[in-house]
Amino acid sequence: MGEEIFRDMEPFRIKMVEPIHLPSREDRERFLEEAGLNVFLIRGENILIDLLTDSGTGAMSDRQWAGLMMGDETYAGSRNFYNLEAAVRDILGFEYVLPCHQGRGAENVLHTALIKAGDVVPGNTHFDTTKAHIEHKKGRAIDCTIDEAADPYLDLPFKGNLDLKKLEDVYKQYGREKIPFTVVTATCNSGGGQPVSLENMRKVAELSGRYGIPVCLDGARFAENCYFIKKREKGMENMPIKDIARETAACFDMMTMSSKKDAIVNIGGFIATGSREIYDSVKNFGILFEGFVTYGGLAGRDLEAMARGLYEGIDEDYLTYRIGHVRYLGEKLRNMGMPVLWPPGGHAIYLDMKEFLPNIPQDQFPGMAFCAHLYLESGVRGVEIGTLLNGRDPDTGMNRPAKLELVRLTIPRRVYTHRHLDYVAKAVKKVWDMRDSIRGLELTEEPPVLRHFTARFKWVE
Ligand SMILES: *Cc1c(COP(=O)(O)O)cnc(C)c1O
């Protein structure tokens, strides 16, 4: 009975708190105006509840904080590096580990080593930094996600899966010469935080093996993906999360990790691989861009927090709480009649802007307009995952209208309570009730890469 009641309750006590407060309406209007209507540019201290990202925003545990005090700040061969390496070997089974300062640092190192101009990199809805790095190397990302993922309300267990037919078509068209690797993002962040099944990853591995194409796991949320596999995939319900992580990693030649997600640290990442050859080809770029191979742009203490966080991230009580907490917000919003992408993702709830603001055309960025109003009404910060994020087509220079025009409400790990989420739900409903009066946005400043971070806007007349 106790276990039944326990279910998705917070499996921790809180022993340090950080006050938050809501700026006045007048101040919120000013802050938004000063930010060029882009909530990315508002100072954190002026946000009440920050659902911009789950990246590096988690609360570390007492064990992780204690680990910070055990930092060995030796330039080469820090003890903490060996602890990290042991954790990665134990959980994921990869022999070689190259620390990097965060996920995109890992991508930069790996992509520099492997991608040449004219290459293509197939995958399932590449994350924005992944796609940007591929394009920076003059390569191209090709989306091979299953078609069902484009339906925001189709209730399927693994909407992050790759379409093997699409993938094989890419392999046939470009061949090994033009495809340095395929990337599988699990869970699939830009596709709604949706998981990829173990069966699908195994088939991708098998198919890619036949064509001699390596496969890379973008594993920022591998632990959340493992939990979904355990809960949703036939025959997996009794397998420990750690074993599922091993089985997952076994499908891949290499992995890039943003430890700011499932390793629950504020900064950190790594490349891991079982291949000496791949490790040797990336390690010199690691030294060039990130730092020596045993620290990769991080302090020893950061490596220690990461090593400890990797274990906390695969703890099943934690994952039950984590996935349940996110689902709680999703169910609440859905019960209020809000258009919520379904099923809920592992780290975030996504609102469908095509339903929410149907009168704002995609090139007037309905998601940005929503985020501006959500902040004005409540001090809550969400983030657009839509046409602004999608950027422009490198060949035509035109906006790429997003298949799914979304706003993401991203839940930091172990930071907000269920009551905070109740407030968020009410705030979204408030914007819903005034949606007919909301106008679109027009760009006034647009940076050439990753424009969503610093673009500025004005309201359309
Ligand atoms: C966050 C993220 C990255 C990039 O990692 P950073 O640590 O933010 O640089 C790459 N892929 C996915 C799926 C991510 O969620």
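Residues numbered from 1 in each chain as written. Predicted model: local features only at pLDDT ≥ 70, side-chain atom pairs only at ≥ 80, totals over all residues. Heavy atoms only, no water.

Break down the side chain of Asn 124 for me, with residues and values.
Examined against the element boundaries, Asn 124 turns out to sit in the loop between strand 3 (120–123) and helix 6 (128–136). What makes Asn 124 buried here is its relative accessible area of 0%. Within the structure, the side chain of Asn 124 is placed 2.8 Å from the backbone nitrogen of Thr 185, a separation counted as a polar contact. (Helix = DSSP H or I, 4+ residues; strand = E, 2+ residues; numbered from the N terminus. Buried < 20%, exposed > 50% of the residue type's maximum accessible area, 1.4 Å probe, protein only. Polar contact = N/O pair within 3.5 Å; in protein donor to acceptor, adjacent residues only side chain to side chain.)

I'd love a proper account of the layout of surface pockets, names of residues and values included.
Empty space within the largest pocket amounts to approximately 1500 Å³. Forming the walls of the largest pocket are 38 residues, and the residues nearest its centre are Met 16, Ala 59, Met 60, Arg 414 and Val 415. Every element with two or more residues in the lining of the largest pocket is listed here: helix 3 (62–68), helix 12 (300–313) and helix 13 (316–335). Among the residues forming the lining of the largest pocket, the class breakdown is 17 nonpolar, nine polar and twelve charged. Here the lining of the largest pocket spans two domains, and each of domain 1 (2–54 + 316–459) and domain 2 (62–313) adds at least three residues to it. The computed volume of the second largest pocket comes to approximately 1000 Å³. Of all the secondary-structure elements, those providing two or more residues to the lining of the second largest pocket are helix 6, strand 4 (140–143) and helix 16 (387–390). Looking at which element gives the most residues to the lining of the second largest pocket, the answer is helix 6, with five residues. Along the lines of polarity and charge, the residues of the lining of the second largest pocket split into 19 nonpolar, ten polar and 15 charged. Split by domain, the residues of the lining of the second largest pocket number at least three in each of domain 1 (2–54 + 316–459) and domain 2 (62–313). (1 Å grid on protein atoms, 1.4 Å probe; cavity = no way out; pocket = protein on both sides within 12 Å on 5 of 7 lines; lining within 4 Å. Points joined across faces, edges and corners; volume = space filled by probe spheres on them. Nonpolar A, V, L, I, M, F, W, Y, C, P; charged D, E, K, R; others polar. Domains from an automatic or database assignment.)

Which residues make up the pairing of strand 12 (residues 406–410), and what values go with them?
Among the five residues that make up strand 12, five are buried, leaving the element largely enclosed by the rest of the structure. Here strand 12 shows a buried face lined by Leu 406, Arg 408 and Thr 410 and a second buried face lined by Val 407 and Leu 409. Across five bridges, strand 9 (residues 348–352) lies against strand 12 in antiparallel orientation. For Leu 351, the partnering residue across the bridge sits in strand 12 and is Val 407. Where strand 11 (residues 383–385) meets strand 12, three bridges bridge the pair, whose relative direction is antiparallel. Residue pairing for strand 12: Ile 385 is matched across the bridge by Leu 406. (Pairing = 2+ DSSP bridges.)

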